[in-house]
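Examining the three-dimensional arrangement
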Amino acid sequence: SPAQAVPGALVPVEERAGAVHTPLLGQDQQLELLERLDFVVRNVVELRKEVEELRNSLQHLAVEIVGEVRSHLEETQRLNRRRRFPYPRERSDSTGSSSIYFTASSGNANTDDGESEGGYTTANAESDYDRESERESEDEVSCDTVRTVRRDSLDLVPEDEAPLRLDSSLEEGLGQLLQQADRLHGGDERDRREGFQLLLNNKLAYAGQREFLWRLARAHSDMWELTENEEEKQSYASEGKKELELALQKWDQSAECHQWFAILCGQLSEHESIPKRIQAGYVFKEHIDKAIELKPEDPQLYYLMGRWCYQVAHLGWLEKKTVSALFEAPPTATVQDALQNFLRVEELSPGFSKAGRVYIAKCYRDLGNSSAAALWMSLASELPGNTKEDAESERELEEMRS
């Protein structure tokens with residue numbers, strides 16, 4: 001009978017009981033139903049295989065994570081054991097001071113010749129990655145102006161611990177990253193933006209490394225220069241400064257950390273009130289002094305100090321009154337002080353910057369030596385203009401010639 005052509009399960013219960021007659025599925029419908037059931041079964045089997053593979057993968061990942069955590073704990077324990085018997089060492093604390101920096105790029109200071117100063121040229125700092133010793137990475141803080149430490153989710157290393165040693169692959173990757181960051185920093189606007197993003201993308205991996213952190217702060221300074229929006233400028237300078245606050249607590253003997261902290265303090269105060277710019281100026285001077293002490297052959301540091309001296313020597317009447325009212329010992333600097341710093345730049349690196357030679361010409365002009373001023377104007381004209389500051393210096397040259 002037709003009922004015997006299909007499994008009993010496909011026949012309604014009522015028909016098997018003889019109660020109600022229900023038409024059975026046709027042969028085509030039965031085949032279609034069987035094909036669907038077969039499709040469902042095959043998918044269930046494949047799904048079961050995928051779940052099993054996923055379970056195995058998760059087990060392997062868990063084993064790797066446990067291994068990395070165990071290695072980290074063992075390394076931390078070894079470092080702690082070493083620190084139980086520390087070797088005595090001298091501290092070279094800088095004398096405390098409340099600070100002053102008159103932003104050379106602000107244009108708010110009233111100078112004698114009514115000039116509007118350009119922004120700071122960022123340093124093409126060479127990588128000291130291969131030269132710095134591990135001892136320096138554990139030096140204690142000495143600058144009184146750096147006392148606030150920002151600890152966010154990326155600051156994984158405790159204040160009193162040295163940064164964790166990188167394994168060979170990460171260390172090699174860091175070396176390549178630093179070289180690429182230095183190259184991009186020395187490039188055009190597009191390169192510097194790319195360098196900033198490159199460092200930002202690698203912050204999670206290398207946030208505890210000194211050579212990485214000061215370059216990240218330098219990249220924030222680059223973005224400050226490249227950005228026109230004032231709120232964005234403040235944000236870049238503020239974030240870059242915060243990166244170095246933690247770094248200076250750990251690495252007070254890093255000239256680059258002091259240099260870029262000083263520069264970012266100046267950039268951050270550009271559009272602040274006169275008292276705040278004065279306060280920032282003390283910070284700037286203190287950290288540049290410290291950087292020169294640590295790296296006395298770096299021409300960029302003497303250039304920055306020359307800028308500071310020149311700006312202080314040309315303070316406007318209102319700023320001089322403010323300084324006298326707020327500070328018992330106002331900063332003093334003369335045009336001659338500025339000139340000596342700019343000449344030191346040329347001694348260390350002839351033709352270091354177009355802007356530097358323009359400043360030498362301006363110093364000689366202010367001192368009444370017109371022949372020397374004309375000579376350095378000519379020497380400045382020989383150098384190409386590679387930065388925004390150089391372009392502003394070229395305009396100043398034109399004004400001085402006229």
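To be clear, the structure that these remarks concern was listed above.
None of the values given here were measured: they were computed from a predicted structure.

A few points about a nonpolar patch on the surface
Taken together, the side chains of Leu 31, Leu 33, Leu 34 and Leu 37 make up a nonpolar region of the molecular surface, amounting to roughly 370 Å² of accessible area. Note that Leu 34 resides in helix 2 (residues 27-83). Classification of Leu 34 by relative accessible area gives exposed; the value is 53%.

Examining the pattern of salt bridges
Tallying each qualifying case throughout the model produces 25 salt bridges. Where Lys 203 meets Glu 243, a salt bridge forms, and the shortest distance between an N and an O atom there is 2.7 Å. Residue Lys 203 is found in helix 5 (residues 203-206), and its partner Glu 243 is found in helix 7 (residues 230-250); the two are separated by 40 residues along the sequence. You can call Lys 203 buried: its relative accessible area is 10%. Between Lys 276 and Glu 272 there is a salt bridge, and its shortest N-O distance comes to 3.8 Å. Each of Asp 182, Arg 210, Glu 211, Arg 215 and Arg 218 takes part in a single network of salt bridges with overlapping partners.

Topic: the packing of aromatic side chains
Enumeration over the complete set of coordinates arrives at 5 aromatic pairs. Taken together, a centroid distance of 5.6 Å and an interplanar angle of 90° make the contact between Phe 196 and Tyr 236 edge-to-face. Placement of the pair is Phe 196 in helix 4 (residues 189-201) and Tyr 236 in helix 7, with a sequence separation of 40 residues. A single burial state applies to Phe 196 and to Tyr 236, both of which are buried. Among the aromatic residues, ring-to-ring pairing joins Tyr 303, Tyr 310, Phe 342 and Tyr 359 into one connected group.

Rules and cut-offs
- Residues numbered from 1 in each chain as written.
- Predicted model: local features only at pLDDT ≥ 70, side-chain atom pairs only at ≥ 80, totals over all residues.
- Heavy atoms only, no water.
- Patch = residues over 30% accessible without salt bridge, like charges linked within 9 Å, V, L, I, M, F, W, Y side chains within 5 Å.
- Areas by Shrake-Rupley, 256 points an atom, 1.4 Å probe, with all protein chains shown as cover.
- Salt bridge = Lys/Arg side-chain N within 4 Å of Asp/Glu carboxyl O.
- Helix = DSSP H or I, 4+ residues; strand = E, 2+ residues; numbered from the N terminus.
- Buried < 20%, exposed > 50% of the residue type's maximum accessible area, 1.4 Å probe, protein only.
- Phe/Tyr/Trp six-rings, centres within 6.5 Å; stacked < 30°, edge-to-face > 60°.

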